[in-house]
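# Results of the structural survey
Take a look at the letters that make up each chain.
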Amino acid sequence: MKLKIGDNMRVVMKFGGTLMDGAEQIENSANLVVERVRKGDEVVVVVSAMANVTDDLVAMGEGARIGDMERVRKKISELEKRHLEAAEKLSKGDLRGETVSKIKSLLDILNQCLTGVFLLRELTPRSKDLIVSFGERLSAPLMKAALVSKGIKAIDLTGGEVGIITDSNYGNAKPLLNITEVMVKDRLLPILKGGVTPVVTGFIGQDENGVVTTLGRGGSDYTATILASALEADEVLIWKDVDGIMTADPKLVPSAKTIPTLSYAEVMEMAYFGAKVLHPLTVTPVQERRIPIRIANAYNPSNPGTIIREKGEGTKKVKAVTAIKDLSIITTGGAGMIGVPSVVARVFSTLSENNINVTMISQSSSQANISMVVKTVDLERALKALKVEFRNGDLIRDIHAISKVAVIAIVGEGMRGTKGIAAKTFSAVAEAGVNVLTIAQGSSELNISFAVLEEDMQKAVEAVHRAFELDK
Ligand code: ADP
Ligand code: ASP
Ligand code: MG
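A quick note: this is a predicted structure, and the numbers were derived from the prediction, not measured.

## Focus: the site of ligand 1
Residues in contact with ligand 1 amount to 17 residues; listed here are only the nearest, K14, K240, M246, D249 and K251. G17 is positioned such that a nitrogen or oxygen atom in its backbone is 3.5 Å from an oxygen atom of ligand 1. A distance of 2.9 Å separates an oxygen atom of ligand 1 from a polar atom in the side chain of D249. Counted by class, the shell around ligand 1 contains eight nonpolar, three polar and six charged residues.

What follows is the structure, given as structure tokens:
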């Protein structure tokens with residue numbers, strides 16, 4: 001049961017790295033929060049690290065491990081400069097003193113962690129998570145300072161402090177939703193009831209032993225929906241620097257248009273197939289409670305953006321085109337595979353035992369070939385594992401790979417049961433002069449995906465976007 005007064009809403013608002021990247025941007029983001037708080041809504045704020053800070057922290061961990069402390073120290077002073085400059089612009093007096101000293105003490109601890117890595121010459125997944133958690137821990141006090149300067153009561157907290165409890169799969173931890181729900185309610189409801197706005201670090205949780213974990217790159221979107229579900233919020237508002245979820249990545253297709261509504265399932269497919277606009281698991285916590293997610297532009301807030309809910313709307317059968325690059329295709333073949341179902345199972349269990357994720361699979365009808373798409377970073381490991389597993393050569397004779405591959409997917413609920421979508425897709429791609437390497441259709445019929453050479457990716461995406469009139 002929700003303990004709320006009157007018609008006011010409870011909303012979780014999330015701001016990504018570009019919207020936290022300096023005093024001016026944080027000020028703009030804070031104004032969006034203040035507007036809702038003044039209306040009487042309860043707002044939980046989730047923030048990412050400043051733009052590129054997480055990448056920097058990853059590099060700093062690696063730098064410390066290989067002994068390059070000079071570069072690491074230089075990076076720490078750059079971080080200090082960026083955050084202190086923002087703190088000084090966003091706050092005055094005691095608040096400024098408090099914010100500055102929090103940032104300095106966090107950087108001090110970061111420095112000690114990196115020195116530890118340097119001395120041990122060892123960077124475990126667990127210590128890496130601790131190191132990258134500093135990005136969000138440094139940005140949250142800045143948002144708090146901006147809100148307090150505008151007369152709003154606010155407090156900054158880490159994901160662990162608000163009760164996001166995860167498994168111990170460092171780098172890609174999953175929330176334990178039942179315990180998280182109890183803890184988050186316990187920690188955040190009294191704060192909200194006291195008229196205080198919590199500013200929570202995105203991306204970070206802690207495991208049951210209290211060790212810091214992270215939810216995977218881009219995980220702040222996921223933090224927002226985990227909190228929204230636990231708090232039974234009315235809405236999740238994810239602020240971006242684009243007008244919502246678009247028919248294609250606007251960086252790839254400048255004529256891409258905002259999609260007004262999408263279903264949870266459509267967004268999951270899009271995110272899985274590389275639409276980097278949301279963390280792939282973002283919709284999962286709110287789906288059951290049917291909490292809508294709105295994606296809107298923080299620099300164009302009057303534009304309604306995209307609403308994600310149970311059912312999408314619109315007449316278009318295909319709603320979006322996505323693309324992922326840096327992939328490779330592995331093809332395994334041999335007459336020994338025909339009619340021996342266990343071979344396919346062995347191929348996949350070999351890959352999964354080696355922690356290699358398969359993005360896409362297709363099998364020829366003769367069963368003599370299976371093609372699998374994997375990340376290029378995993379290619380060498382995958383080939384080695386398969387060669388060892390099938391070293392006898394009686395079942396699988398050839399294993400070969402094509403690198404520099406991209407997978408393109410078209411997504412839309414209206415595709416289900418509609419004939420001619422595949423024909424239209426592939427004739428558009430062929431007319432653009434692009435060769436298709438392999439094809440797969442999800443059993444949900446929500447997507448068709450196909451692989452092309454990376455050099456053909458842009459041409460193919462544009463051709464499909466045009467063929468389905470997504471720019472109209
Ligand atoms: P944030 O830091 O706020 O989480 P991201 O950089 O992770 O923001 O996501 C926004 C970016 O996602 C956009 O700048 C855009 O280039 C990219 N993107 C990829 N596909 C899409 C899409 N279909 N619609 C909108 N943006 C997309
Ligand atoms: N800062 C984290 C990252 O860059 C999380 C996020 O931005 O969502 O991956
Ligand atoms: Mg992101």
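## Brief notes about the site of ligand 2
All residues adjacent to ligand 2 are S48, T54, E136, F203, R217, G218, G219 and S220. At 2.6 Å, a side-chain N or O of R217 approaches an oxygen atom of ligand 2. Split into classes, the residues belonging to the shell around ligand 2 amount to one nonpolar, five polar and two charged.

## Side note on helix α8 (residues 220–230)
When you tally the buried positions in α8, you get eleven out of eleven residues, the bulk of the element. Looking only at α8, the buried set comprises S220, D221, Y222, T223, A224, T225, I226, L227, A228, S229 and A230. One or two steps after α8, the chain reaches E232, where phi turns positive at roughly 50°.

## Things to note about the packing of helix α2 (residues 53–65) against helix α4 (residues 93–120)
Put simply, α2 and α4 touch, their axes get as near as 7 Å, and they point 40° apart. Classed by the angle they form, the pair α2 and α4 counts as oblique. α2 and α4 meet at a crossing whose hand is right-handed. Across the interface between the two elements, L57, M60, G61, A64 and R65 from α2 touch L110, L114, V117 and F118 from α4. Looking at the contact of α2 with α4, its residues break down into seven nonpolar, one polar and one charged.

## Structural notes on the sheet that holds strand β16 (residues 438–441)
Taking strand neighbours across the sheet as the criterion, the six strands line up as β13-β14-β12-β15-β17-β16 in an open arrangement whose pairing is antiparallel. Looking at which strands have only one partner, the edges of the open sheet turn out to be β13 (360–363) and β16. Ignoring strand direction, the axes of neighbouring strands in this sheet form an average angle of 30°. Strand direction decides the pairing type here: β13 and strand β14 (residues 369–375), joined by four bridges, are antiparallel. The residue bridging Q363 from the neighbouring strand is I370, located in β14. Packed on one face of the sheet, helix α11 (residues 341–353) meets β13 and β14 and runs near 15° to β14.

The rules behind these values
- Residues numbered from 1 in each chain as written.
- Chains lettered and ligands numbered in written order.
- Predicted model: local features only at pLDDT ≥ 70, side-chain atom pairs only at ≥ 80, totals over all residues.
- Heavy atoms only, no water.
- Near = heavy atom within 4 Å.
- Polar contact = N/O pair within 3.5 Å; in protein donor to acceptor, adjacent residues only side chain to side chain.
- Nonpolar A, V, L, I, M, F, W, Y, C, P; charged D, E, K, R; others polar.
- Buried < 20%, exposed > 50% of the residue type's maximum accessible area, 1.4 Å probe, protein only.
- Helix = DSSP H or I, 4+ residues; strand = E, 2+ residues; numbered from the N terminus.
- Axes fitted to C-alpha atoms, helices over the stretch in contact; angles between N-to-C directions.
- Parallel < 35°, antiparallel > 145°, perpendicular 65-115°, else oblique.
- Left-handed = near helix turned anticlockwise from the far one by under 90°.
- Contact = heavy atoms within 4.5 Å.
- Pairing = 2+ DSSP bridges.

These figures capture arrangement, not role.
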